Amino acid sequence: MVEETIFSKIIRREIPADLVYQDALVTAFRDISPQAPTHILIVPNLLIPTVNDVTIEHEAMLGRMITVAAKIAEKEGLAEDGYRLILNCKHHAGQEIYHIHMHLVGGVLLGPMLSYSFKK
Ligand code: AMP
């Protein structure tokens, strides 16, 4: 039994969120604790806890997450300068909410992709 998170309540509009997009497959809303001038979460309406749990049946909604991200980025004025899409998986990546979500961040020069330093 997969446990629901606060994101399911946002998707069903049972609790408030700053919604920017919703269709039959995905919902997008502004992150409550933004890490950049634009920080939006794009979430499949179906609860999938982590990227480890995706299956071939989820491909349509996973693809929709990216097309919606691109549409929102255009609307938010990010398309020309660019932006970053981030999907965190479990504790090494810092995933806090176990309902897959794509972070769309932009509006500023974002700097290095990762905050730790790695030397091979
Ligand atoms: P992650 O660390 O990838 O699991 O990211 C979870 C994100 O969800 C964080 O950036 C939080 O700020 C964001 N978040 C948590 N609760 C809410 C909420 N109620 N509305 C919007 N964003 C939220």
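Residues numbered from 1 in each chain as written. Predicted model: local features only at pLDDT ≥ 70, side-chain atom pairs only at ≥ 80, totals over all residues. Heavy atoms only, no water.

Peer 1: Can you explain the site of the ligand? Please cite residues and give values.
Peer 2: What surrounds the ligand is a group of 16 residues, the closest being Asp31, Gly94, Glu96, His101 and His103. Ile97 has a polar backbone atom sitting 3.0 Å from an oxygen atom of the ligand. For the ligand, the protein covers 86% of the area, taking 500 Å² as the surface of the free molecule. Among the cavities detected, the one that contains the ligand is the largest pocket. Contributions of two or more residues to the shell around the ligand are made by helix 1 (6-11) and strand 2 (26-30). Of the residues in the shell around the ligand, the class split is 7 nonpolar, 6 polar and 3 charged. (Near = heavy atom within 4 Å. Polar contact = N/O pair within 3.5 Å; in protein donor to acceptor, adjacent residues only side chain to side chain. Areas by Shrake-Rupley, 256 points an atom, 1.4 Å probe, with all protein chains shown as cover. 1 Å grid on protein atoms, 1.4 Å probe; cavity = no way out; pocket = protein on both sides within 12 Å on 5 of 7 lines; lining within 4 Å. Sits in = over half its atoms within 2 Å of the grid points. Helix = DSSP H or I, 4+ residues; strand = E, 2+ residues; numbered from the N terminus. Nonpolar A, V, L, I, M, F, W, Y, C, P; charged D, E, K, R; others polar.)

Peer 1: Summarise the sheet that holds strand 3 (residues 38-44); cite the residues concerned and give the values.
Peer 2: Remark on secondary structure: sheet strands pair via backbone hydrogen bonds, oriented parallel or antiparallel. With respect to topology, 5 strands assemble into an open sheet ordered 1-2-3-5-4, the strand pairing being antiparallel. Of all strands in the sheet, those with a lone pairing partner are strand 1 (19-22) and strand 4 (83-86), marking the two edges. If you compare each strand with its neighbour and ignore which way they point, the axes differ by 15° on average. Bridge count between strand 3 and strand 5 (residues 102-106): 5 bridges; the pairing is antiparallel. In the strand pairing of strand 5, Thr38 is matched with Gly106. Across the sheet, helix 2 (residues 59-75) lies against strand 1, strand 2, strand 3, strand 4 and strand 5, angled at about 155° from strand 3, the strand it touches most. (Pairing = 2+ DSSP bridges. Axes fitted to C-alpha atoms, helices over the stretch in contact; angles between N-to-C directions. Contact = heavy atoms within 4.5 Å.)

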